[in-house]
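Okay, here's what each chain looks like letter by letter:
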Amino acid sequence: MTMEGIVRKIAERYSRADARVNDLDLIHLRPYMEGFLDPQWVEAQLHDYDAWASKNSDDTLRRSILHRPLGLNTCGHDMGGAILGTGISTRPVFPYFGGRQKAIDHCLQYGDP
Amino acid sequence: MAILERHAASSFDQEAREYVRQRLQDTSNFLGAVHEINTAAHFIRRGANVEPLFLKKANEREIVLHWAEQSIPVQCKSKQPGAGRLISQDMFTTLAGSIALDAKLARRSVLVKIGSTGNIRRQDFEFLRSCVSGFRGRHVAPALIQHDGRVFTLKVEPISGSFTIESVKDYLASFDFQVGMIVGEPVRDGTNFNVACVIGIEARVDDRLRTSRSLRESVRAAADQLKGGPPGIAAIHYADPTPDFEGLRARDEPLISEMAKLMDLWPQVGAIMLSSEPDFQLLPVGRAGEVRSYARESVEFADLLGPRIAG
């Protein structure tokens, strides 16, 4: 199945009111969203964040409080968290913004209470 | 985004994709774009057919829902971080995290109380951080510090103690901060955390009037755009976590009364949907952001809104 087909299937599943995110779907949603946003732009955002974090934060703060610089466009970084939080990336797990938990919360932000 | 693209594929031409990409990459614009996409996906999940007009440039109408033979316009308003508050959650998190990092590097466990009667601005950030970092000795009373013509109070003192995942919320609440953060280090048995740092903003000003006015402005802006059409929905999203929307009201009467008055004032607003980001500092598993809806009794699409307060 093509990437488009897989993403379409995932989107259909999440279109139900009672849907819950399956972590493994993030493997397929990564290239989808990277392609939408522009992979080079995402990489540049993550690179800038790395530079800031190496001087101003540490792993614990990034993981636990989503520590990030002021005025950051978190769009690319939320996606970075989604990607990296799965633990599937070649990058270390959880270096960005709460990783998997944030990704899941954002995926279904309007989840029924 | 995938949900929206799946259900509104015909609206996702190359021009629309480029427009959305530009908005998502724009720091001042992406919160609004994300809110519109989330709102569209929310109503798709509630069973509506969605026309995402926001995918086209310069379209005043943002979303039209088709549901139960009705066409329902939706106008989205995104409240930027800090809207109607002394300090945005984003800025507080960055400030408190930086203070916690400085304390950790200095091997200090500290309680930091910052007092302010006005907005804490970006340009105050480094000043406050360096004041806390350089603060030494014991002070009974908070120190008065000035920056750029404004006065803050600051108290820094050693702290010790422990908490658990279950007790952390109450522990933090015991400090009575307007906004606060606690950083702990896990102890060996994995159930308790030793307090490493507690940081909070103390504010004694009553800013309910300001937050209420800010909400009213957003409803009015949505009402202006809904004018001339059938009753629609004002979908207002707070970028700052808002655990209890009742905190947005100006008076002691419940928020539903204020929302009802606004809908009476602007009859083209048939419902108001409030939502907010989740609070990632207090991380119970799987907690999504809050959503609450207020609908006029006469509208026939109340069931579409999801969780709502009956009025």
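Residues numbered from 1 in each chain as written. Chains lettered and ligands numbered in written order. Predicted model: local features only at pLDDT ≥ 70, side-chain atom pairs only at ≥ 80, totals over all residues.

### A short note on the overall build of chain A
Applicable threshold: Only DSSP runs of H or I reaching four residues or more are called helices, and only runs of E reaching two or more are called strands; each is numbered from the N terminus. What counts as a contact is two residues whose backbone-derived C-beta atoms lie within 7 Å of each other.
Scanning chain A for helices and strands turns up six helices and zero strands. In chain A, the succession of helices and strands from N to C terminus is α-α-α-α-α-α. Of the contacts formed within chain A by residues at least 6 apart in sequence, a portion of 52% connects residues at least 24 apart.

### Some remarks on the domain arrangement of chain B
The accessible area lost on association of the parts is a frequent measure of interface size. All names here are of chain B. So the rule is basically this: Here the limits of each domain have been adopted from an automatic or database domain assignment. Amino acids are sorted into nonpolar (Ala, Val, Leu, Ile, Met, Phe, Trp, Tyr, Cys and Pro), charged (Asp, Glu, Lys and Arg) and polar (every other residue, Gly among them).
For chain B, the domain assignment lists domain 1 (2-83 + 208-309) and domain 2 (89-202). The straight-line distance from the C-alpha centre of domain 1 to that of domain 2 is 34 Å. Here the side of domain 1 that touches domain 2 is composed, by residue class, of three nonpolar, two polar and one charged.

### Examining the confidence of the model for chain A
Stated formally: Along the chain, pLDDT gives the predictor's confidence residue by residue, from 0 to 100.
In this model, chain A carries an average pLDDT of 67, and 61% of its residues clear a pLDDT of 70 or more. Note on residues 80-113 of chain A: pLDDT under 50 across the span, and 80 contacts to partners over four residues away in sequence or across chains.

### Brief notes about helix 3 (residues 30-45) of chain B
Residues and elements named next belong to chain B. Filter applied, for reference: Here the expected length of a helix is defined as 1.5 Å per residue gap, with one fewer gap than residues. Here the C-beta atoms are placed from the backbone, and a residue counts as buried if at least 20 other C-beta atoms lie within 10 Å of its own, exposed if 12 or fewer do, and partly exposed otherwise.
For helix 3, with 16 residues, the first-to-last C-alpha span of 22 Å sits near the 22 Å given by 1.5 Å per residue. Taking burial as the measure, the 16 residues of helix 3 include 15 buried ones, the bulk of the element. One or two steps after helix 3, the chain reaches Gly47, where phi turns positive at roughly 105 degrees.

### Brief notes about unusual backbone geometry
One non-glycine residue, Asp38 of chain A, lies in the positive phi region at around 105 degrees. Along the chain, Asp38 of chain A turns up in the loop between helix 2 (26-37) and helix 3 (39-56). Phi angles above zero are rare outside glycine, and Asp148 of chain B is one such case at about 55 degrees. Locating Asp148 of chain B in the fold gives a position in the loop between strand 5 (143-147) and strand 6 (150-158).

### Brief notes about the pairing of strand 3 (residues 70-79) of chain B
Residues and elements named next belong to chain B. What counts, and what does not: Pairing between strands requires that DSSP locate at least two bridges from one strand to the other.
In terms of residue burial, strand 3 counts as a mostly covered element, since eight of its 10 residues are buried. Here strand 2 (residues 63-67) runs beside strand 3; their pairing, made up of five bridges, is antiparallel. In the strand pairing of strand 3, Leu65 is matched with Ile72. The turn linking strand 2 back onto strand 3 is made up of two residues, and Ala68 within it adopts a positive phi angle of 50 degrees. Pairing analysis gives six bridges linking strand 3 to strand 10 (residues 232-238), with the strands arranged parallel. Among the inter-strand pairings, Gln75 is bridged to a residue of strand 10, identified as Ala234.

### Looking at the confidence of the model for chain B
Per-residue pLDDT for chain B has a mean of 86; in total, 91% of the residues score no lower than 70. Interface scoring of the predicted complex returns ipTM 0.75; its pTM is 0.82.

### Some remarks on the packing of helix 1 (residues 3-14) of chain A against helix 2 of chain A
All names here are of chain A. Selection criterion: To obtain an axis, a line is fitted to C-alpha atoms, over the contacting stretch when the element is a helix, and the angle between two such axes runs from 0 to 180 degrees between their N-to-C directions. An angle below 35 degrees is read as roughly parallel, one above 145 as roughly antiparallel, one from 65 to 115 as roughly perpendicular, and any other as oblique. The hand of a helix crossing depends on one turn: near helix anticlockwise from the far one by less than a right angle means left-handed, and clockwise means right-handed.
Two elements in contact, helix 1 and helix 2, have axes whose closest approach is 10 Å; the angle formed by their N-to-C orientations is 115 degrees. As judged from the angle between their axes, helix 1 and helix 2 are roughly perpendicular. Here helix 1 runs over helix 2; the crossing is left-handed. Residues Met3, Ile6, Val7 and Ile10 of helix 1 form the contact with helix 2, whose own contacting residues are His28, Leu29, Pro31 and Tyr32.

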